[in-house]
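# Architecture and fold: a report
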Amino acid sequence: MAIRTASALWQGNLTEGSGTVRTGKGGYEGNYSFKSRFEEGEGTNPEELIGAAHAGCFSMFLSKVLADAGYTPDSVNTTANVHLEKTDAGMTVTRIDLETVGEVPGIDEAEFQKSAENAKANCPISRLLAPGAEINLSARLA
């Protein structure tokens, strides 16, 4: 199966240094720093990138689950809120809250919720993150 690659360059010390993250195929490149990670500085951070990966994976997987059930979504729009907190073990991603809105012709609310829960449990990024972080889901139809 595919191997996906990303890289990061960090220069300087923890609080005054800065870096750049890049995806292997050139789809994304962004700056990051102590301030963008632990304060409100400009740039990205590893937690946002995890959130983007999780939101993207979940949306794609939910689209597949819906298609397998006979529904073709017009759109699945997901936001992942990644919680980085100080714990006894140090800074830790403790929780990810997925918020998704689907535009799915012909589906009822119960079927959509069932499909969304399936995607939450089974998308590859959820399966990766679930052993260490709580994953919550809020799903609704547009």
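The following refers to the structure shown.

Reading the values: the criteria
- Residues numbered from 1 in each chain as written.
- Predicted model: local features only at pLDDT ≥ 70, side-chain atom pairs only at ≥ 80, totals over all residues.
- Heavy atoms only, no water.
- Helix = DSSP H or I, 4+ residues; strand = E, 2+ residues; numbered from the N terminus.
- Buried < 20%, exposed > 50% of the residue type's maximum accessible area, 1.4 Å probe, protein only.
- Contact = heavy atoms within 4.5 Å.
- Areas by Shrake-Rupley, 256 points an atom, 1.4 Å probe, with all protein chains shown as cover.
- Lys, Arg positive; Asp, Glu negative; His and termini not counted.
- Charge placed at Lys NZ, Arg CZ, Asp CG, Glu CD.
- Core = buried A, V, L, I, M, F, W, Y, C linked by side-chain atoms within 4.5 Å.
- Salt bridge = Lys/Arg side-chain N within 4 Å of Asp/Glu carboxyl O.
- 1 Å grid on protein atoms, 1.4 Å probe; cavity = no way out; pocket = protein on both sides within 12 Å on 5 of 7 lines; lining within 4 Å.
- Points joined across faces, edges and corners; volume = space filled by probe spheres on them.
- Nonpolar A, V, L, I, M, F, W, Y, C, P; charged D, E, K, R; others polar.
- Pairing = 2+ DSSP bridges.
- Axes fitted to C-alpha atoms, helices over the stretch in contact; angles between N-to-C directions.

Scanning the chain from N- to C-terminus turns up four helices and six strands. Each of the three principal axes of the chain carries a C-alpha extent, and together these read 55 × 35 × 30 Å. Of all 142 residues assigned to the chain, the portion counted as buried reaches 31%. Of all intrachain contacts in the chain linking residues separated by at least 6 positions in sequence, the fraction that spans at least 24 positions is 49%. Entry remark: accessible area of the chain is about 8900 Å², with carbon and sulfur atoms responsible for 51%. Counting 12 positive and 19 negative side-chain charges, the chain places the averaged centre of each group 7 Å from the other.

Moving on, we come to the nonpolar core. In terms of nonpolar packing, the biggest core is built from 20 residues, with F58, L62, L66, L98 and F112 touching the most fellow members. Secondary structure elements with two or more residues in this core: α2 (46-68), β4 (75-87), β5 (90-103), α3 (109-122) and β6 (134-141). Not counting residues within four places of it along the chain, the set of residues in contact with F58 comprises T78, L98, T100, A116, A119, K120, C123 and L137.

Moving on to the pattern of salt bridges. Summed over all chains, the structure comprises five salt bridges. In this structure, R37 engages E47 in a salt bridge whose closest nitrogen and oxygen atoms are separated by 2.6 Å. Separated by ten residues along the polypeptide, R37 in helix α1 (residues 34-38) and E47 in helix α2 bring together distant segments of the chain. Between D97 and R95 there is a salt bridge, and its shortest N-O distance comes to 3.1 Å. According to the relative accessible area criterion, D97 is buried, its value standing at 15%. Residue class for R95 comes out partly exposed when judged on its relative accessible area of 26%.

Attention shifts here to the layout of surface pockets. Any empty space left between atoms is shown by rolling a water-sized probe over those atoms. Of the volumes computed, that of the largest pocket is approximately 370 Å³. Lining the largest pocket are 13 residues, and of these R4, T5, A6, T23 and G24 lie nearest its centre. Listed by contribution, the elements that provide at least two residues to the lining of the largest pocket are β1 (6-11) and β2 (18-23). When the residues that make up the lining of the largest pocket are grouped by side-chain class, the tally is six nonpolar, four polar and three charged.

Another aspect to go through is the sheet that holds β1. Strand pairing in a sheet relies on backbone hydrogen bonds, with the paired strands running either antiparallel or parallel. In spatial order, the strands read β1-β2-β3; together these three strands make up an open sheet with antiparallel pairing. The open sheet has two edge strands with one neighbour each: β1 and β3 (29-33). Neighbour-to-neighbour, the strand axes of the sheet open up by a mean angle of 20°, direction not taken into account. Sheet topology places β2 next to β3; five bridges connect them, and they run antiparallel. Residue pairing for β3: R22 is matched across the bridge by E29.

Turning next to the environment of E48. As for its placement among the helices and strands, E48 is situated in helix α2. Between the C-alpha atoms of E48 and N81, which are 33 residues apart in sequence, the distance is 8.3 Å.

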